[in-house]
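A structural walkthrough
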Amino acid sequence: MLGNSLTHSQEEIDSMEFLNKHSFDTNEYKFKELLESYFGCRLEKLHEHIDLPTILPPDHTIWDDAYKFIVNDKEFLDTWYSFIENVIKPILGENTIVLQKLPSIKFHPPKTTYQYLLKKSNWHRDGESPYLHPKFESNLWMPLMDVDKYNTMYCLHEGEKKPQLLKYGEILHFSGNTMYHGSNEYSNSEQTRVSLDFRGCKFSDYDVDLMKPVPIYSHFTKDKPKLQNEWFTIGKYYEKF
């Protein structure tokens, strides 16, 4: 076990469900502007500048191209680390946290079908097979523009499937491990949605004993399957901040 003793039993974690909205200063954390500089256009109009198929799987090259930028751009990385200290740590509620090393980036162009990884439907929970994210983890979702009911993410909360109509500068913190969520498979919006998402927890909640040697799938492990208790660890999927 790493970190302090888990503050909740596994049964309590399974039953907890939350959906909270937070905000940040877009003049200080210019994620959108950095990506627009990289692509050379407004993110909302990305589909007018990049040739994308009408059915868009997550392994299209745009994902890898954008992720290489995130990994290698010093200004983006400096912004990300400052963002963790000043925005994400207060949201997670502890000075020491465990967080996905770098954010994932998602693209959902208009008039395009987006099919989620290994699923017949985009409606999913992160804790279910084949993803099997750990129980101690929660989700943070950050669209890089105002979203509408056609291109946003939906969450099943309090028995109702609700669109999460965030503005740029807002973050959704939610229990994606146990809460069904996902976007429309076909976007009828006029704009491309670009969003960052990442997962983490308080360091005091990080517990390797909650994981098992079972195979998992993610975009990062597609070439070589990983085991849950080996992949979701500090130094691999997570970093301690």
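You'll find the structure just up there.
Residues numbered from 1 in each chain as written. Predicted model: local features only at pLDDT ≥ 70, side-chain atom pairs only at ≥ 80, totals over all residues. Heavy atoms only, no water.

The next point concerns the sheet that holds strand 8 (residues 160-163). Strand-to-strand pairing in sheets goes through backbone hydrogen bonds, with the strands running parallel or antiparallel. Strand order in the open sheet formed by 3 strands is 8-7-10, and the pairing between neighbours is antiparallel. The open sheet has two edge strands with one neighbour each: strand 8 and strand 10 (181-183). Across this sheet, the average inter-strand angle for adjacent strands is 30°, counted without regard to direction. Both strand 7 (residues 153-157) and strand 8 contribute to a ladder of 4 bridges, which runs antiparallel. Following the sheet pairing, Tyr-154 is matched in strand 8 by Pro-163. (Pairing = 2+ DSSP bridges. Helix = DSSP H or I, 4+ residues; strand = E, 2+ residues; numbered from the N terminus. Axes fitted to C-alpha atoms, helices over the stretch in contact; angles between N-to-C directions.)

A word on the nonpolar core. In terms of nonpolar packing, the biggest core is built from 40 residues, with Phe-83, Ile-88 and Leu-99 touching the most fellow members. Mapped onto this core, the elements with two or more residues apiece are helix 2 (31-39), helix 3 (61-72), helix 4 (74-92), strand 3 (97-100), strand 4 (104-108), strand 6 (138-143) and strand 11 (193-202). Sequence-distant contacts of Leu-99, defined by excluding residues within four places in its chain, comprise Trp-80, Ile-84, Ile-88, Leu-92, Leu-140, Phe-198, Arg-199, Gly-200, Tyr-237, Tyr-238, Glu-239 and Phe-241. In this structure, Val-98, Cys-201, Tyr-206 and Tyr-238 belong to the second largest nonpolar core, which totals 13 residues. (Core = buried A, V, L, I, M, F, W, Y, C linked by side-chain atoms within 4.5 Å. Buried < 20%, exposed > 50% of the residue type's maximum accessible area, 1.4 Å probe, protein only. Contact = heavy atoms within 4.5 Å.)

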